[in-house]
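The chain contents come next:
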Amino acid sequence: MKTVYTTSAKALAGRNGQVATDDGLLSVSLSYPKALGGTGEATNPEQLFAAGYSACFSNAVLHIARLQKLALKEAPTTAQVQLLAKEDGGFALAVDLEVELAMENEAAIALVKAAHLVCPYSNAVSGNVAVGLKVNGISLN
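Quick caveat, the model's predicted, so the values are computed rather than measured.

**Quick look at the sheet that holds strand β4 (residues 77-85)**
Then comes step 1: Within the open sheet, the four strands sit side by side as β4-β5-β6-β7. Their pairing is mixed. Where the open sheet ends on each side, the last strands, each with one partner, are β4 and β7 (138-139).
Then comes step 2: Strand direction decides the pairing type here: β4 and strand β5 (residues 91-99), joined by nine bridges, are antiparallel. Bridging across to β5, Gln82 finds its partner in Ala94.
Then comes step 3: Docked against the sheet, helix α1 (residues 45-67) engages β4, β5 and β6 (130-135), running at close to 145° with respect to β4.
Then comes step 4: Running over the sheet, helix α2 (residues 105-118) touches β5, β6 and β7 and is turned about 155° from β6.

In structure tokens:
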């Protein structure tokens, strides 16, 4: 595979610290969410993952639409990320993606399924993270 982009981020103190990208465009404080006993006064890794996945998946939908010469200007996508406690003491993630498209449901379903095959986040978590897909209120799995 050919690398088309590389970036990095550095976290200083885990979930109660600071994380920043190498170019300085993103620099945020982190804290445990209230649900995990934290202050909830700053963002957390699951929120950052949800933001990244929703943006990436929305773009994957738009990418496939462009390839299919569909006049789609936006693909609102919500990523709900769940942090799961495993029985062995470890943790896992699950994600539900919900896309709203201003088009016929059959075409919207085909578009979202195709986007799921090309989205880098979807490919990265494939086989390791449960991902639920929904488009226009219709569950695809």
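On we go.
**A closer look at the sheet that holds strand β2 (residues 18-21)**
Then comes step 1: The three strands lie next to each other as β1-β2-β3, forming an open sheet whose pairing is antiparallel. The open sheet has two free edges, formed respectively by β1 (9-11) and β3 (27-29), since each of these has just one partner strand. Across this sheet, the average inter-strand angle for adjacent strands is 10°, counted without regard to direction.
Then comes step 2: Bridging between β1 and β2 involves three bridges; their strand directions are antiparallel. Considered in β2, the bridge of Ala9 is made with Thr21.

Reading the values: the criteria
Residues numbered from 1 in each chain as written. Predicted model: local features only at pLDDT ≥ 70, side-chain atom pairs only at ≥ 80, totals over all residues. Heavy atoms only, no water. Pairing = 2+ DSSP bridges. Helix = DSSP H or I, 4+ residues; strand = E, 2+ residues; numbered from the N terminus. Contact = heavy atoms within 4.5 Å. Axes fitted to C-alpha atoms, helices over the stretch in contact; angles between N-to-C directions.

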